[in-house]
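The primary structure of each chain is shown beneath.
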Amino acid sequence: MRRIAGIAVLFGGLLLGATASAAAVSDCRNAIAPQRCEIARQGMLSCSDLPPEQQRACQQEYTPPLNCRRSRDSRRCDSLVAAQQSCDRFSGAERRQCIRARLTPPDCSRAADQARCRRQVEADNACAESFGNERRRCVKGRYGY
């Protein structure tokens, strides 16, 4: 009986901790690292309507890095940061659509095979609302690997 009560207290604490962490992400003013908290909040807002198995892949795509100088395509990284800020009034699919509309296209001018780069960009745009394995299958089907 005591063991069951202990487990119930443990799960209750975990649930309260999850609720507190969700509330903490929504209010980044009191965070230890407010800039990192704000970036995580933006990624979570962009992917809040997706099922849990797709949220991580979505957040990797829509969460801007802390510093765009180290990014492979810094122009696109900067535009993601600006798009996240300008689309702050939306969440979920509306937010992702708003962000994609404001993003600069990837820079294919420095690619070894510019035609291949353009085909990849077209496939990525066509599969924009799928994430993870589903997205890989979609791009592969459109790109023709």
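Up top is the structure these notes are about.
Quick notes on the rules
Residues numbered from 1 in each chain as written. Predicted model: local features only at pLDDT ≥ 70, side-chain atom pairs only at ≥ 80, totals over all residues. Heavy atoms only, no water. Helix = DSSP H or I, 4+ residues; strand = E, 2+ residues; numbered from the N terminus. Buried < 20%, exposed > 50% of the residue type's maximum accessible area, 1.4 Å probe, protein only. Contact = heavy atoms within 4.5 Å. Areas by Shrake-Rupley, 256 points an atom, 1.4 Å probe, with all protein chains shown as cover. Disulfide = S-S within 2.5 Å. Phe/Tyr/Trp six-rings, centres within 6.5 Å; stacked < 30°, edge-to-face > 60°. Core = buried A, V, L, I, M, F, W, Y, C linked by side-chain atoms within 4.5 Å.

Asker: Break down the overall build of the protein chain for me, citing the residues and quoting the values.
Answerer: When helices and strands are counted, the protein chain shows seven helices and zero strands. Element order for the protein chain, N to C, with α for helix and β for strand: α-α-α-α-α-α-α. Burial status across the protein chain gives 26% buried among its 145 residues. Within the protein chain, contacts between residues separated by at least 24 positions form 46% of all contacts whose residues are at least 6 apart in sequence. A total accessible area of about 10,200 Å² is found for the protein chain, and carbon and sulfur atoms account for 54% of it.

Asker: So what's going on with the state of the cysteines? Which residues, and what values?
Answerer: Covalently bonding the sulfur atom of one cysteine to the sulfur atom of another cysteine gives a disulfide. Under the counting rule described, the total for this entry stands at six disulfides. Covalently, Cys47 is tied to Cys58 through a disulfide, its sulfur atoms 2.0 Å apart. Across the disulfide from Cys47 to Cys58, rotation about the S-S bond amounts to roughly -80 degrees, and the bridge is consequently left-handed. Of this pair, Cys47 sits in the loop between α2 (34–46) and α3 (52–62) while Cys58 sits in helix α3, placing them 11 residues apart in sequence. With its sulfur 1.9 Å from that of its partner, Cys127 forms a disulfide with Cys138. Linking Cys127 and Cys138, the disulfide has an S-S dihedral of approximately -80 degrees and is accordingly described as left-handed. Residue Cys127 is located in the loop between α6 (114–126) and α7 (133–143), and its partner Cys138 is located in helix α7; the two are separated by 11 residues in the primary sequence. Owing to a relative accessible area of 23%, Cys138 belongs among the partly exposed residues under this scheme. Take the cysteines of the protein chain that form disulfides and number them in order along the sequence; they join up as 1-2, 3-4, 5-6, 7-8, 9-10, 11-12.

Asker: Please give an account of the packing of aromatic side chains that cites residues and values.
Answerer: Summed over all chains, the structure comprises one aromatic pair. Here Tyr62 and Phe131 contribute two aromatic rings whose centre-to-centre distance is 6.3 Å and whose plane-to-plane angle is 70 degrees, an arrangement assigned as edge-to-face. Of this pair, Tyr62 sits in helix α3 while Phe131 sits in the loop between α6 and α7; the two residues are 69 residues apart in sequence, bridging distant segments of the chain.

Asker: Now, about the nonpolar core: what can you tell me, with residues and values included?
Answerer: Residues Cys47, Leu50, Cys58, Tyr62, Leu80, Ala83, Cys87, Cys98, Ile99, Leu103 and Phe131 constitute the largest nonpolar core, which totals 11 residues. Of all the secondary structure elements, the ones that give two or more residues to this core are α3, α4 (74–86) and α5 (93–102). In contact with Ala83, other than residues within four places in its own chain, are Ile99 and Arg102.

Without other data, these values stay purely geometric and don't point to any function.
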